[in-house]
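# Overview (structure and organization)
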Amino acid sequence: MSVLVIAEHDNSQVAPGTLNTVTAASKLGGDIHILVAGSGCADVASQCAKIAGVSKVLSADAETYKNEITENTAALIQANVSEYSHVMAPASTFGKALIPYVAALCDVQAISDISDVVSEDTFVRPIYAGNALETVQSSDAVKMMTVRTTAFELADAESGSGEVSNIDEAGATDWVQFVAQNLSQSERPELTSARIVVSGGRGMQNGENFAMLENLADQLGGAVGASRAAVDAGFVPNDYQVGQTGKVVAPDMYLAVGISGAIQHLAGMKDSKVIVAINNDEEAPIFQVSDYGWNEDLFNAIPALQAELSQ
Amino acid sequence: MKILVPVKRVIDANIRVRVKADNSGVETANVKMAMNPFCEIAVEEALRIKEAGHADEVIVMSAGPDKAAETIRTGLAMGADRGVHIQTDDRLEPLTIAKMIKAVSEKEGCDLVVLGKQSIDDDNNQTGQMLAALMKRPLGSYISKIEKNDAGFAITREIDAGLEDLQISSPAVVTADLRLNEPRYASLPNIMKAKKKPIDAMSPGDLGVEVSNRLTVVKVDEPPAREAGVMVSGASELVDKLKNEAKVI
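Residues numbered from 1 in each chain as written. Chains lettered and ligands numbered in written order. Predicted model: local features only at pLDDT ≥ 70, side-chain atom pairs only at ≥ 80, totals over all residues. Heavy atoms only, no water.

Bringing the overall build of chain A into the picture now. Within chain A, the regular secondary structure consists of 8 helices and 16 strands. For chain A, the C-alpha radius of gyration of 21 Å lies close to 19 Å, the compact-globule estimate for 311 residues. In chain A, buried positions account for 60% of the 311 residues. Here the contacts in chain A between residues at least 6 apart in sequence split such that 65% fall between residues at least 24 apart. For chain A, the accessible surface area stands at approximately 11400 Å², while carbon and sulfur atoms represent 43% of it. (Helix = DSSP H or I, 4+ residues; strand = E, 2+ residues; numbered from the N terminus. Rg over C-alpha atoms; globule rule 2.2 N^0.38 Å. Buried < 20%, exposed > 50% of the residue type's maximum accessible area, 1.4 Å probe, protein only. Contact = heavy atoms within 4.5 Å. Areas by Shrake-Rupley, 256 points an atom, 1.4 Å probe, with all protein chains shown as cover.)

Turning our eyes to something else, we now look at the nonpolar core. Counting 53 residues, the largest nonpolar core has Ile6, Val87 and Met144 of chain A as the members making the most contacts within it. Here this core takes 7 residues from helix α4 (residues 93–105) of chain A, the largest share from any one element. Excluding residues that lie within four positions of it along the chain, Met144 of chain A makes contacts with Val81, Val87, Ile99, Val102, Ala103, Cys106, Val108, Ala110 and Ile111 of chain A. With 39 residues, the next largest nonpolar core counts Ile69 of chain A together with Ile3, Ile49 and Phe153 of chain B among its residues. (Core = buried A, V, L, I, M, F, W, Y, C linked by side-chain atoms within 4.5 Å.)

Each side of the interface is counted separately: chain A has 81 residues, and chain B has 76 residues. Taken together, the two surfaces of chain A and chain B that pack against each other cover about 6600 Å², and 56% of this comes from carbon and sulfur. The shortest N-O distance in the salt bridge between Asp107 of chain A and Arg214 of chain B comes to 3.0 Å. Inspection of the region where chain A meets chain B yields 49 residue pairs in polar contact (both at pLDDT 80 or more). Here strand β11 (residues 176–183) of chain A pairs with strand β9 (residues 162–168) of chain B via 7 bridges, running antiparallel. Within β9 of chain B, the position partnered with Gln177 of chain A by the bridge is Gln167 of chain B. (Buried area = accessible area lost by both parts, 1.4 Å probe. Salt bridge = Lys/Arg side-chain N within 4 Å of Asp/Glu carboxyl O. Polar contact = N/O pair within 3.5 Å; in protein donor to acceptor, adjacent residues only side chain to side chain. Pairing = 2+ DSSP bridges.)

Written as structure tokens, this is what we have:
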């Protein structure tokens, strides 16, 4: 048995979700190899070689893989899949687009967003926005899946000593041309890997008021998130969104400010270790899942909290 | 140009689902059903492309039991021209569904397939990607914008770190994300008109697709419940508890 983990990266840094995916792979108990497909990505390959439990890094360093075009990465995986019993990628937009694509190329039924490994062919995954957990057993010769990264610890990023081996390019397509990326720039920790997340909802009233949450997040060393209501209202960009249709987070502390707690939002944060809710509506459903609730107008609560924290 | 929109009948998004007592699945008997919200967005976008003069016909298809026809009617009431119903009572996995959609798309000669990015029941988020791979057509996943141009389609994708612009050739497969559009409501006259629009019924076998599942559902469980905690009365109490009790700051 051997597992191929698909690394997510930006050609210079491996994304943390890759480390959670390696931990999921380690539960299977076989050899773990990592595929790094990118351009000028030698640094990523050496970072991956140092991840605990990884015995080999397959590096495909070519212009074709510069922008993580699904079709190109999928063709590369297909060309190398014959030696593996399992293929795993983080359940990010990168992995969620890629794994079903390559599975169909290989006539495999993919398994999405696994939150636990029961055995080498049986996995648990949330369905209905996390309102139920489904255990499925696969009869495919190769199991291909995406991994809910918040359900697995980060693998140690320093103690490994895998070898890096270069592999050939395979099957570039000209159907898809990369035009541009408009990435949100932030000095704060990345939302899905931050230890503390401060999230705002419709109760923030407008985008300017999010500056309050940004200040608080900076004070706590956390990231800023938002509910779908706040994103749909145009207060903040879509990449802030926590929920079933946005990002799934599980920080040490999740502070929900002016968020009522719709089911689809809870699906994205209910695995947080400690949930704190500040809301002026004492009936808000968020209080039913929070460890600490504070029934207070957020425009009074946030300045008071900041003052208390700076003491 | 012809556009195909596959749609799925799911438990209404506003219903709280319950796991069955025998852990075989979730309760669907006597539960309100509706078109999957992402599929509504896909239908809406296809209609807008047609209304902008880039397409002649929008076909809505669904695979499933007799009741799936109701969901096709919803698409017709929104404004789609006709329907295709693949009748089966079997449990369907995304790979099988993708094979069915491919067969319909080829039979109808569709230039664009617009799907929702995921259904809110199984949360698989797979069918569109699988369809693109099987059809060997460019994939635009999680799109928040699509424009027809001479080279095919200019699309904007919603990715974890922000937005990505791609140019894809035509014919193509795209999957709709939340912010692509706000789907319209079907008006009463259009709901009446939709009753007269044709729906072609066929079996998976008619399309040359065999229903063979690769996954066995072993069981379905309730997730562990999260207990409500304590209410605090002020900032100092909250900070004290976070520091000394929860030890998270």
